[in-house]
Amino acid sequence: MHILVVEDDQSIREFVRHGLEELNFQVTACADGKLGYQLACQEAFDLIILDLMLPGMDGMEVLRRLRGEGHQTPVLILSARHSVDERVLGLQSGADDYLVKPFAFAELAARCQTLLRRQSSAASIESLCYQGLTLDLLTREASRDGQRIELKPREFALLKLLMTQPGRVLSKTIILEHVWGFQFDPQTNVVDVLVCRLRSKIDKGFSAPLLHTIRGVGYVLRHER
């Protein structure tokens, strides 16, 4: 398991790095938000431990950018900001957990292991299939009736969400939270635009449409005879 630690306080960064390495994790550590963002985009990490008050780029901005670009790596926020509002904002922005400084390393390790187990469990399912539509979760490739479909990160995230719950109508709010990782103005049309793009890829040229709009409610993946 490879963990990225983005923390500008050298004593905390080294304390966390050494502790995780003693637990046999591979650790990459940096002190700058911009560098942390670049590393998270360039390398495959199993978990990111992210401070909020960082030079170069604020930790919250790092998180928002990663989620906005479709990166689903679990993120544990490590911050001295301890108010309920701050914790809620961090979780709504796409964090998977939030630990307040000062902290006990045993608790940090336990939270990391919980997130990694959850990620490993989700990754154990290698592909999703529905009515001739297939999504490979490892290669991130899709196909329908053997015809390959190229997907961008958000298209992949939306199709994965739909295929894990076929037949269930998903509201715009649910899609926004899962695909973008944080909430937009509910009046925004980004979901409609994304659904339109995805529909053109998985339905155009095929006899039976799978992606349907339920007016005033949301969207659903289902086969209608």
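Residues numbered from 1 in each chain as written. Predicted model: local features only at pLDDT ≥ 70, side-chain atom pairs only at ≥ 80, totals over all residues. Heavy atoms only, no water.

A. Expanded view of the overall build of the protein chain. Along its length, the protein chain carries eight helices and 11 strands. The C-alpha radius of gyration computed for the protein chain amounts to 19 Å, which stays within 12% of the reference 17 Å derived for 225 residues, consistent with globular compactness. The C-alpha extent of the protein chain, read off along each of the three principal axes, is 60 × 35 × 25 Å. Counting the 225 residues in the protein chain, one finds 44% classified as buried. For the protein chain, the computed accessible surface area is about 11600 Å², with 49% contributed by carbon and sulfur atoms. Side-chain charges of the protein chain comprise 27 positive and 29 negative groups, with the mean position of each set lying 8 Å from the other. (Helix = DSSP H or I, 4+ residues; strand = E, 2+ residues; numbered from the N terminus. Rg over C-alpha atoms; globule rule 2.2 N^0.38 Å. Buried < 20%, exposed > 50% of the residue type's maximum accessible area, 1.4 Å probe, protein only. Areas by Shrake-Rupley, 256 points an atom, 1.4 Å probe, with all protein chains shown as cover. Lys, Arg positive; Asp, Glu negative; His and termini not counted. Charge placed at Lys NZ, Arg CZ, Asp CG, Glu CD.)

B. Main features of the pairing of strand β6 (residues 127-130). In β6, alternate side chains face the same way, and those of Leu128 and Tyr130 are buried while those of Ser127 and Cys129 on the opposite face are not. Across four bridges, the pairing between β6 and strand β7 (residues 133-136) is antiparallel. Of the residues in β7, the one forming a bridge with Cys129 is Thr134. (Pairing = 2+ DSSP bridges.)

C. Structural context of the pattern of salt bridges. Counted according to the given criterion, the structure contains 14 salt bridges. Each of Glu7, Asp51 and Lys101 takes part in one network of salt bridges that share partners. (Salt bridge = Lys/Arg side-chain N within 4 Å of Asp/Glu carboxyl O.)

D. View of the sheet that holds strand β2 (residues 26-30). A sheet is described by the order of its strands in space; here five strands give the open sequence β2-β1-β3-β4-β5, paired in parallel fashion. Each having just a single partner strand, β2 and β5 (97-100) make up the two edges of the open sheet. Pairwise comparison of adjacent strand axes, ignoring direction, gives a mean angle of 20 degrees for this sheet. Here helix α2 (residues 33-42) sits on the sheet and contacts β1 (2-6), β2 and β3 (47-51); the angle it forms with β1, its principal contact strand, is near 160 degrees. Each of β3 and β4 (75-79) is contacted by helix α3 (residues 59-68), which is oriented at about 145 degrees to β3, the strand it contacts most. (Axes fitted to C-alpha atoms, helices over the stretch in contact; angles between N-to-C directions. Contact = heavy atoms within 4.5 Å.)

E. Here's a closer look at the nonpolar core. Residues Leu135, Leu159 and Ile175 are the most contacted members of the largest nonpolar core, which totals 29 residues. Elements supplying a minimum of two residues to this core: β6, β7, α6 (153-163), α7 (172-180), α8 (190-202) and β11 (218-221). Looking at this core element by element, the count peaks at seven residues for α6. Contacts of Ile175, omitting those with residues within four sequence positions, involve Leu158, Leu161, Leu170, Trp180, Val191 and Tyr219. Grouped together as the second largest cluster of nonpolar side chains are 20 residues, Cys30, Ile48, Val62 and Ile77 included. (Core = buried A, V, L, I, M, F, W, Y, C linked by side-chain atoms within 4.5 Å.)

F. Quick look at the packing of aromatic side chains. Per the stated rule, a full pass over the model turns up two aromatic pairs. Look at Phe15 and Phe103: their rings are 6.3 Å apart centre to centre, the planes differ by 45 degrees, and that puts the pair in the tilted class. Separated by 88 residues along the polypeptide, Phe15 in helix α1 (residues 10-22) and Phe103 in the loop between β5 and α5 (105-123) bring together distant segments of the chain. With relative accessibility at 43%, the residue Phe15 sits in the partly exposed group. Phe103 sits in the buried class, given a relative accessible area of 16%. With 5.8 Å between their ring centres and 75 degrees between their planes, Phe15 and Phe105 make a pair best called edge-to-face. Linking Phe15 in helix α1 with Phe105 in helix α5, this pair joins segments that are 90 residues apart in sequence. An aromatic cluster of three or more residues is present, and its members are Phe15, Phe103 and Phe105. A cation sits over an aromatic face here: Arg65 above Tyr37, 5.8 Å from the ring centre. For the cation-ring pair, Arg140 lies above Phe156, with the distance from its terminal atom to the ring centre recorded as 3.9 Å. (Phe/Tyr/Trp six-rings, centres within 6.5 Å; stacked < 30°, edge-to-face > 60°. Lys NZ or Arg CZ within 6 Å of the ring centre and 35° of its normal.)

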